[in-house]
Amino acid sequence: MEKAPITDNHPTTLELKNLSFSYPGVPVFQDINLNVQLQGLSQVVGPNGGGKSTLAKLMLGLNDPQVGKVQVLGCEPARAAGSGLIGYVPQHTLFDPHFPIRVVDVVLSGRLKRAWGPYSKEDRRIVQETLEDLGLQNLAERGFSALSGGQRQRVLVARALVGQPKILLLDEPTANIDFESARNLEAYIRTLKDRISVILITHDFDFLTSSVDRVICVNRNIHLHESGQLDADGLRRLFSGHFHALGEAGCQHD
Amino acid sequence: MIEFFQALANPAVPFLLYAVLAGALAAPAFGIIGSYVVVNRISYLAGAISHSVLAGIGLSLLLRHRFGITVLTPFWGAFIAAIISALIVAWASRKKTDRTDSVISIVWSLGAAIGVIFLAWTPGFVDPMAYLFGNILLLSPQDLIGMLILDGVILGTALLFYPQFMAMSFDDEFAQVRGMPTDFHRTLLLVLTGATVVLLVSTVGIVLVITLLTLPAAAAGFFSRTLRSLMIGASLIALGVTFFGIALSYVFDLPSGAGIVLCAIGVYSLARAVHGIGVKLNLRSFA
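Calculation criteria
- Residues numbered from 1 in each chain as written.
- Chains lettered and ligands numbered in written order.
- Predicted model: local features only at pLDDT ≥ 70, side-chain atom pairs only at ≥ 80, totals over all residues.
- Heavy atoms only, no water.
- Helix = DSSP H or I, 4+ residues; strand = E, 2+ residues; numbered from the N terminus.
- Rg over C-alpha atoms; globule rule 2.2 N^0.38 Å.
- Buried < 20%, exposed > 50% of the residue type's maximum accessible area, 1.4 Å probe, protein only.
- Contact = heavy atoms within 4.5 Å.
- Buried area = accessible area lost by both parts, 1.4 Å probe.
- Salt bridge = Lys/Arg side-chain N within 4 Å of Asp/Glu carboxyl O.
- Polar contact = N/O pair within 3.5 Å; in protein donor to acceptor, adjacent residues only side chain to side chain.
- Expected span 1.5 Å × (residues − 1).
- Core = buried A, V, L, I, M, F, W, Y, C linked by side-chain atoms within 4.5 Å.
- Axes fitted to C-alpha atoms, helices over the stretch in contact; angles between N-to-C directions.
- Parallel < 35°, antiparallel > 145°, perpendicular 65-115°, else oblique.
- Left-handed = near helix turned anticlockwise from the far one by under 90°.
- Nonpolar A, V, L, I, M, F, W, Y, C, P; charged D, E, K, R; others polar.
- 1 Å grid on protein atoms, 1.4 Å probe; cavity = no way out; pocket = protein on both sides within 12 Å on 5 of 7 lines; lining within 4 Å.
- Points joined across faces, edges and corners; volume = space filled by probe spheres on them.
- Phe/Tyr/Trp six-rings, centres within 6.5 Å; stacked < 30°, edge-to-face > 60°.
- Lys NZ or Arg CZ within 6 Å of the ring centre and 35° of its normal.

**Description of the overall build of chain B**
A tally of regular secondary structure across chain B gives 13 helices and zero strands. Overall, chain B shows an N-to-C arrangement of helices and strands of α-α-α-α-α-α-α-α-α-α-α-α-α. The C-alpha atoms of chain B give a radius of gyration of 20 Å, which matches the 19 Å a tight globule of 287 residues would have. If one aligns the C-alpha atoms of chain B with their principal axes, the spans along those axes are about 65 × 50 × 30 Å. Residues classed as buried in chain B amount to 51% of the 287 residues present. For chain B, the share of sequence-separated contacts (at least 6 apart) that also reach a separation of at least 24 residues comes to 76%.

**Describing the interface of chain B and chain A**
Contacts between chain B and chain A engage 26 residues on the former and 34 residues on the latter. Carbon and sulfur atoms make up 64% of the area that chain B and chain A hide from each other, which totals about 2700 Å². For chain B, the biggest contributors to the area lost against chain A are Phe170(B), Phe174(B) and Arg178(B); these three give 30% of the whole. Here chain B and chain A share three salt bridges between them. Asp171(B) is the partner of Arg159(A) in a salt bridge, and the nearest nitrogen-oxygen pair spans 2.9 Å. Here chain B and chain A share 13 residue pairs in polar contact (both at pLDDT 80 or more) between them. Elements with a contribution of two residues or more to the side of chain B that touches chain A: helix 8 (162-170), helix 9 (172-177) and helix 12 (227-252) of chain B. The dominant element in the side of chain B that touches chain A, judged by the number of residues it contributes, is helix 8 of chain B, at six residues.

**Description of helix 10 (residues 182-204) of chain B**
Residues and elements named next belong to chain B. Taking 1.5 Å of rise per residue, the 23 residues of helix 10 would be expected to cover 33 Å, and the 32 Å separating its terminal C-alpha atoms lies within 8% of that figure. For helix 10, a buried count of 18 out of 23 residues is recorded, marking the element as mostly surrounded by other parts of the structure. Gly-205 sits one or two positions beyond helix 10 and adopts a positive phi of about 90 degrees.

**Digging into the nonpolar core**
In terms of nonpolar packing, the biggest core is built from 127 residues, with Phe144(A), Tyr36(B) and Leu199(B) touching the most fellow members. The greatest single-element share of this core, amounting to 13 residues, is contributed by helix 2 (residues 14-39) of chain B. Setting aside anything within four residues of it in sequence, one finds Phe144(A) in contact with Phe95(A), Ile101(A), Arg102(A), Val103(A), Val106(A), Arg152(A), Val155(A), Leu156(A) and Phe170(B). Phe29(A), Ala80(A), Leu169(A) and Val177(B) belong to the second largest nonpolar core, which has 34 residues in total.

**Here we look at the packing of helix 2 of chain B against helix 10 of chain B**
Residue and element names in this part refer to chain B. At a closest axis distance of 10 Å, the pairing of helix 2 and helix 10 adopts a crossing angle of 135 degrees. It follows from the interaxial angle that helix 2 and helix 10 lie oblique. The two elements helix 2 and helix 10 cross, and the hand of that crossing is left-handed. Each of Ala-26, Ala-29, Phe-30, Ile-33, Tyr-36 and Val-37 in helix 2 lies in contact with helix 10, whose residues at this interface are Leu-189, Leu-192, Thr-193, Thr-196, Leu-199, Leu-200 and Thr-203. Classifying every residue of the contact of helix 2 with helix 10 gives 10 nonpolar, three polar and no charged.

**Quick notes on the environment of Ala19(B)**
Residues and elements named next belong to chain B. Of note, Ala-19 is situated in helix 2. In this structure Ala-19 comes out as buried when scored by relative accessible area, which is 0%. For the pair Ala-19 and Ala-92, spaced 73 residues apart in sequence, the C-alpha separation works out to 36 Å. Residues in contact with Ala-19, not counting those within four places in the same chain, are Ile-136, Leu-137 and Ile-246.

**A few points about the layout of surface pockets**
By volume, the second largest pocket is sized at about 560 Å³. His98(A), Phe99(A), Pro100(A), Gly221(B) and Phe222(B) are, among the 21 residues lining the second largest pocket, the residues nearest its centre. Listing elements by their share of the lining of the second largest pocket, those giving two or more residues are helix 2, helix 11 (209-221) and helix 13 (256-286) of chain B. Taken together, the residues that form the lining of the second largest pocket break down as 12 nonpolar, six polar and three charged.

**Quick notes on the packing of aromatic side chains**
Applying the stated criterion to the full structure yields 18 aromatic pairs over all chains. With a centroid separation of 5.7 Å and 75 degrees between ring planes, the pair formed by Phe4(B) and Phe243(B) is classed as edge-to-face. Of this pair, Phe4(B) sits in helix 1 (residues 2-9) while Phe243(B) sits in helix 12; the two residues are 239 residues apart in sequence, bridging distant segments of the chain. Classification of Phe4(B) by relative accessible area gives buried; the value is 0%. Centre to centre, the rings of Phe75(B) and Trp76(B) are 5.0 Å apart; their planes meet at 85 degrees, and the pair counts as edge-to-face. For Trp76(B), a relative accessible area of 31% puts it in the partly exposed group. Aromatic ring contacts, followed pair by pair, group Phe4(B), Phe5(B), Phe243(B), Phe244(B) and Tyr250(B) into a single cluster. Sitting over the ring of Trp116(A), Arg114(A) keeps its end group 5.2 Å from the ring centre. Across the ring face of Phe144(A), the terminal group of Arg152(A) is positioned such that the distance to the ring centre comes to 5.7 Å.

Structure representation (structure tokens):
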């Protein structure tokens, strides 16, 4: 097992080599190869059940492929995520609405490093700064369950960012939140993508169309479209044209 | 009620004082572990662990009365059975297959069945009622020392792992992504639950354990925004219901476990009602 040190100049890459993955009785990916530079904003699109979330779990080391391998930032996914290099933002709707926990405690959990013991002063300082950066400092002592959907999603973004990741992976961040919160979140993500690589899983095709650097189309297969290879028209066609049919017909790649 | 306080101070009946001390000692463990059990929604796992401790109690009594082996007291017999069943339940719930429920039901009933068989093989008459429904008035000073040790271990561990347990309870997938050994944490939490169940069995008995483990936390949950306040509230409620339950059972000559459980249900119902009224008033003022 290779144990290359994780340094600042690691390439921000995602690499899938001969990857096959299936849930018991349900094949998802077969013999996939992909090598992608993740600088800027990458958008992962595809129909439900096509494998978007499975790809995310493979990248985070939550799922292990049966065949082949996944490398993120040049190392194993679980290791990259465990060192905080991949920040993960799940959907806010997945949480128990009655769980008694303050916003600051949710965000602090993004600093978990050791298997036991309390958070450090530095952990608390970084959490405080990140809360201010996201305009959440006034909500720090509030209960997570008392927040609106948009606020919860921002808290989950803060939790992912306090690990100081090189890649931020967001799963449907604007689903089930109101229009204005969604636009605010989009604006914030735009400011992030110059600092860190952002991967956005979405079926919202209007999202960030102007600033996306590449589109990764996932439907039992994975295709990469660099926006440099597409002019503005091509990008628009990609979204308005063949992806609109995704929900019903699936990805229309050959 | 005055006679109860008089009896408490009377050195001729030390068992009453022991009972109140035991309740006070165990209350923080009930409140803290009970809070984790409630927010993780694993009371049926705690139920399985509690019923399996009868096997350990039965084994201890069998060894003592049939073979003259007295090393294993019922308290530590219960402890060993609780730890073994906690490990089995942790393993089964980790797999998350269709069979998880079946394995937990097996732990639940197999432990109880083995315990009843051991008790049947024990010569002389053993009243299982004290173990099934508890009799806090039967506690010896040795039991109190055992409870104190167990209580200290439970509280120390729960505090040491507080941030990790909270993160795992809220979002175990994220904790796993952050590189936390969530399987280990979950198993440890179930082992602590098992140890707490042993404390509870001394107090209210096997059948009534779930009530004293979950109702104080559920009642405090109506008014808690943080896990810490939930734990403090649940501990205070556990302390209160244990004390008043013992007093109630002394004054009206009731079984102590039943008295404690009735108090716990009363407090839970009251908390629910007060919460419900609060919500209604709030809604009206917003309208």
